[in-house]
Amino acid sequence: MDYSSKEWFLTERFKDLNRRFFDGKLVMSTLLTDGSINCFGWYTPKYDFLCIRDNLFTGDDKTLRTGDHYQLGRLEFIQNVLIHEMVHSYLYNVKKIPCTPDFHGKDFAAECNRINQRLGWREVIPRPQFRTMMSMGDAFNHLLFCDYWPHESVPSGYYGGAFLGEYR
Ligand SMILES: [Zn+2]
């Protein structure tokens, strides 16, 4: 997949997801790919840049399998990184909720769950404070946090074995 087709893929998926889940209210972001190793994608409200980690398209050693066999699964994964970042844009640009350090708080979780409900995916909760998490003990193991959404919410096998389940 060369760069022009990556750009094409992201642009087409953005338009489709915008229609399906955001009533077409999002203005097209500047879609980028980069060599980040810290996150799958990021969104910056200041410049309206939406960026996807470049090596998700080909797979890498920790997150996604390489090879043609897993390409469809990788594209499903990338589409889900895209929709996550689009929720950030939706909150900022459409719902006019200012960005706070609490990027994955209750407003973000509510939008994730609106989409989860439509797709039959599992519910997520806002990322709690570290101290709250410590006090939750074992209960913590059964909850899904919205900063990883939607990769833990989708049914098992959703990515056709392409996702190795490592977050970094
Ligand atoms: Zn996020």
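Residues numbered from 1 in each chain as written. Predicted model: local features only at pLDDT ≥ 70, side-chain atom pairs only at ≥ 80, totals over all residues. Heavy atoms only, no water.

A closer look at the overall build of the protein
Of regular secondary structure, the protein possesses four helices and three strands. In the protein, the order of α-helices and β-strands from amino to carboxyl end is α-β-β-β-α-α-α. Seen along its three principal axes, the alpha-carbon backbone of the protein occupies a region of about 45 × 35 × 30 Å. A burial count over the protein gives 43% of its 168 residues as buried. Sequence separation of 24 or more characterises 52% of the internal contacts of the protein that already satisfy a separation of 6 or more. Entry remark: accessible area of the protein is about 9200 Å², with carbon and sulfur atoms responsible for 52%. (Helix = DSSP H or I, 4+ residues; strand = E, 2+ residues; numbered from the N terminus. Buried < 20%, exposed > 50% of the residue type's maximum accessible area, 1.4 Å probe, protein only. Contact = heavy atoms within 4.5 Å. Areas by Shrake-Rupley, 256 points an atom, 1.4 Å probe, with all protein chains shown as cover.)

Considering the coordination of the zinc ion
Taken together, the protein donors to the zinc ion comprise H84 (NE2), H88 (NE2) and H104 (NE2), at separations of 2.0 Å. Within one chain, the residues donating to the zinc ion are spaced in sequence as H-x3-H-x15-H. Note that H88 is positioned in helix α2 (residues 71–94) and H104 in the loop between α2 and α3 (106–119), a separation of 16 residues in sequence. Comparing H88 with H104, the two get one shared label, buried. (Donors = N, O, S within 2.8 Å, 3.2 Å for Na, K, Ca; no water.)

Considering the pairing of strand β3 (residues 49–53)
Of all five residues in β3, four are buried; the element is thus mostly enclosed. Relative to β3, strand β1 (residues 30–34) runs parallel, the two sharing five bridges. Opposite D34, over in β3, you have R53 as the bridge partner. Here strand β2 (residues 41–44) runs beside β3; their pairing, made up of four bridges, is antiparallel. In the sheet register, W42 faces β3, and the bridge partner there is C51. Turn length for the β2-β3 hairpin, with the two strands adjacent in sequence and antiparallel, is four residues, and the turn residue D48 shows positive phi of about 55°. (Pairing = 2+ DSSP bridges.)

What to know about the packing of aromatic side chains
Considering all chains together, one arrives at nine aromatic pairs under this definition. Ring plane angle 65° and centroid distance 5.1 Å describe the contact between F77 and Y159, whose orientation is recorded as edge-to-face. Residue F77 is located in helix α2, and its partner Y159 is located in the segment after α4 (130–136); the two are separated by 82 residues in the primary sequence. The pair formed by F77 and Y159 is uniform in burial state, with each residue classed as buried. (Phe/Tyr/Trp six-rings, centres within 6.5 Å; stacked < 30°, edge-to-face > 60°.)

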